[in-house]
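Residues per chain are reported as follows:
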Amino acid sequence: MYTPDPDRYADMPYRRTGRSGLKLPALSLGLWHNFGPDRPAETQRAILRRAFDLGVTHFDLANNYGPPPGAAESALGDALKADFTHHRDELIVSTKAGYLMWPGPYGEWGSRKYLLSSLDQSLGRLGLDHVDIFYSHRPDPETPLEETMGALHSAVQQGKALYVGVSNYSAEQTRDAARILAELGTPLLIHQPRYSMLDRRPEDEGLLDTLDELRVGSIAYSPLEQGLLTGRYLDGIPEDSRAASDSPFLSADTVTEELVSRLRTLNEIAASRGQSLAQLALAWVLRGGRVTSALIGASSPRQLEDSVAAIGNLEFGEDELARIDEVVKQ
């Protein structure tokens, strides 16, 4: 029987999410790539247990995570039942709906029909009566935003979600979503954008400024830029890497000699701080407190531990930030 570490809350920082009463760990565990039938169930459970022991109280999913779609939710559902039955109230479980889940016109995007049906399916796979955060995973260009936000509001009214969020919405779309939700009486809690040292669109396109103004929280996904910022590519493309596979998220063409050179320089900056490149990348996303939490993935407990060690040094000098900007933007 799993017994959590009694000191699990000693080191992890917890940050208030926007203007809400909810706090999230600085690092949250995303169950995107490594939770499905192609991975040993015991390894998956070991990652989840180690995460909780390290103070990672937030497990983030979406209906389509796996592979196959739904597998990650099922894997977490099994782990919750086996290891976390008595600790559910110490956990934040989030899921999303927006991408393709089943055939036909009701299996994706942002209609009320799809979002609420998907949430019911997610709860069944998770073995829960509610999730803590339910997201609209992407904006729907054809469904009125009032309908999509109305469905999120209904999820809260029905007791199937405690909070709601959006992901991949622009600054303007986020502002509109927050207004509609406020009118309905369900505040927008959080936005989940893609954000890293190499992908600064949330800064450049004004999203972070909008979230600050609205007092909405943020949780960054892909802070390690699909593995580019883990140090795996400092000597080119490893044969067993994502870039060497047929992954739609990272191609070999992306890993140019120029990029590798920049990664090596960033690695030198990390070493000067006593960090790995991955730890530097996570600390950079969390710098200054604008981002509530950063999502990390893990294929093993050891990899998880390396990422969580980033919390040991989240402070940057102005010279360090300027040097990073010089390297990234050259």
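Our structure's up above, just so we're on the same page.
Everything in this summary refers to the structure shown in the same document. If you're wondering where the values come from, they're calculated on a predicted model, not measured in any experiment.

Description of the overall build of the protein chain
Right, on to step 1. A count of helical and extended segments in the protein chain gives eleven helices and ten strands.
Right, on to step 2. A compact globule built from 330 residues would reach a C-alpha radius of gyration of about 20 Å, and the protein chain, at 19 Å, matches this within 12%.
Right, on to step 3. Considered along the principal axes of its C-alpha atoms, the protein chain spans approximately 50 × 50 × 40 Å.
Right, on to step 4. Taking all 330 residues of the protein chain together, 55% fall into the buried category.
Right, on to step 5. Long-range contacts, defined as pairs at least 24 residues apart, comprise 75% of the intrachain contacts of the protein chain with a sequence gap of at least 6.
Right, on to step 6. With an accessible surface of roughly 14500 Å², the protein chain has 47% of that area assigned to carbon and sulfur atoms.
Right, on to step 7. Counting 33 positive and 47 negative side-chain charges, the protein chain places the centres of these two groups 3 Å from one another.

Structural notes on the packing of helix α5 (residues 171-184) against helix α7 (residues 207-214)
Right, on to step 1. Put simply, α5 and α7 touch, their axes get as near as 9 Å, and they point 20° apart. Classified by the interaxial angle, the pair formed by α5 and α7 is roughly parallel. α5 and α7 meet at a crossing whose hand is right-handed. Across from A171, T174, R175 and A178 in α5, the residues of α7 making contact are L207, T210, L211, E213 and L214.

Things to note about unusual backbone geometry
Right, on to step 1. Following G66, the chain continues to P67 via a peptide bond in cis, the omega torsion being -5°.
Right, on to step 2. Structurally, P67 can be placed in the loop between β4 (58-60) and α2 (71-83).
Right, on to step 3. Here the residue pair P67 and P68 is connected by a cis peptide bond, since its omega of -10° sits within 30 degrees of zero.
Right, on to step 4. Mapped onto the fold, P68 is located in the loop between β4 and α2.

Things to note about the environment of R16
Right, on to step 1. Within the secondary structure layout, R16 lies in strand β1 (residues 14-16).
Right, on to step 2. For R16, a relative accessible area of 44% puts it in the partly exposed group.
Right, on to step 3. Here the alpha-carbon distance between R16 and R112, two residues 96 residues apart in the chain, equals 30 Å.
Right, on to step 4. For R16, the side chain forms a polar contact with the main-chain oxygen of S20, separated by 3.1 Å.

Examining the pairing of strand β3 (residues 27-30)
Right, on to step 1. Where burial is concerned, the two faces of β3 agree: the one with L27 and L29 and the one with S28 and G30 are both buried.
Right, on to step 2. With two bridges joining them, β3 and β4 adopt parallel strand pairing. When the sheet's bridge partners are listed, G30 is paired in β4 with D60.
Right, on to step 3. The handedness of the β3 to β4 crossover, carried by helix α1 (residues 41-53), is right-handed.

Description of the pattern of salt bridges
Right, on to step 1. Applying the stated criterion to the full structure yields 22 salt bridges.
Right, on to step 2. Note that E183 and R179 form a salt bridge whose closest N and O atoms lie 3.6 Å from each other. Highlighted residues: E183 and R179, both in helix α5, separated by four residues, approximately one helical turn.
Right, on to step 3. Of the residues examined, R179 reaches a relative accessible area of 40% and is grouped as partly exposed.
Right, on to step 4. Each of E42, R45, R49 and D83 takes part in salt bridges that share partners, so that together they form one network.

Notes on the side chain of S28
Right, on to step 1. Within the secondary structure, S28 is located in strand β3.
Right, on to step 2. There is a polar contact of 2.9 Å between the side chain of S28 and the side chain of H58.
Right, on to step 3. Excluding its chain neighbours within four sequence positions, the residues that come into contact with S28 are V56, H58, I219, S293, A294, L295 and I296.

A look at helix α10 (residues 301-308)
Right, on to step 1. All buried positions along α10 are accounted for by L304, S307 and V308. End-on view of α10: buried residues confined to an arc of 95°, all on one side of the axis.

The rules behind these values
Once a new chain begins, its residue numbering starts again from 1 and follows that chain's sequence as written. For a predicted model such as this one, the threshold for reporting local features is a pLDDT of at least 70, and the threshold for listing and counting side-chain atom pairs is 80 or more; totals across whole chains, interfaces and linings nevertheless cover every residue. Only hydrogens and water are set aside; all other atoms, that is, all heavy atoms of the structure, feed into the side-chain values. A run of H or I in DSSP counts as a helix once it spans at least four residues, and a run of E counts as a strand once it spans at least two, with each numbered from the N terminus. To get the radius of gyration, use the C-alpha atoms; to get the globule rule, take the number of residues to the power 0.38 and multiply by 2.2 Å. Buried, partly exposed and exposed residues are distinguished by accessible area as a fraction of the type maximum, computed with a 1.4 Å probe on protein chains only: under 20%, between the cut-offs, and over 50%, respectively. Here a residue-residue contact requires only that any non-hydrogen atoms of the pair lie within 4.5 Å. The protein chains shown are the only cover counted for residues, whose accessible areas, like all others here, come from Shrake-Rupley with a 1.4 Å probe. In this charge count, Lys and Arg are treated as positive and Asp and Glu as negative; neither His nor the chain ends contribute. A charged residue contributes its charge at one atom only: NZ of Lys, CZ of Arg, CG of Asp or CD of Glu. Axis definition: a line fit to C-alpha positions, over the contact stretch in the case of helices; interaxial angles, taken between N-to-C directions, run 0 to 180 degrees. Roughly parallel means an angle under 35 degrees; roughly antiparallel means over 145; roughly perpendicular covers 65 to 115; every other angle is labelled oblique. Here is the rule for handedness: rotate from the far helix to the near one, and if that takes an anticlockwise turn smaller than a right angle the crossing is left-handed, while a clockwise turn gives right-handed. Nitrogen and oxygen atoms within 3.5 Å of one another constitute a polar contact, given that in protein one can donate a hydrogen and the other can accept it, and given that sequence-neighbouring residues count only through two side-chain atoms. Strand pairing is assigned whenever DSSP detects at least two bridges linking the two strands. Seen with the strands pointing away from the viewer, any crossover whose path from the first strand over the helix to the second strand runs clockwise is right-handed. Salt-bridge detection follows one rule: a side-chain nitrogen of Lys or Arg within 4 Å of a carboxyl oxygen of Asp or Glu. Note that the arc is computed from the directions linking the helix axis to the C-beta atoms.

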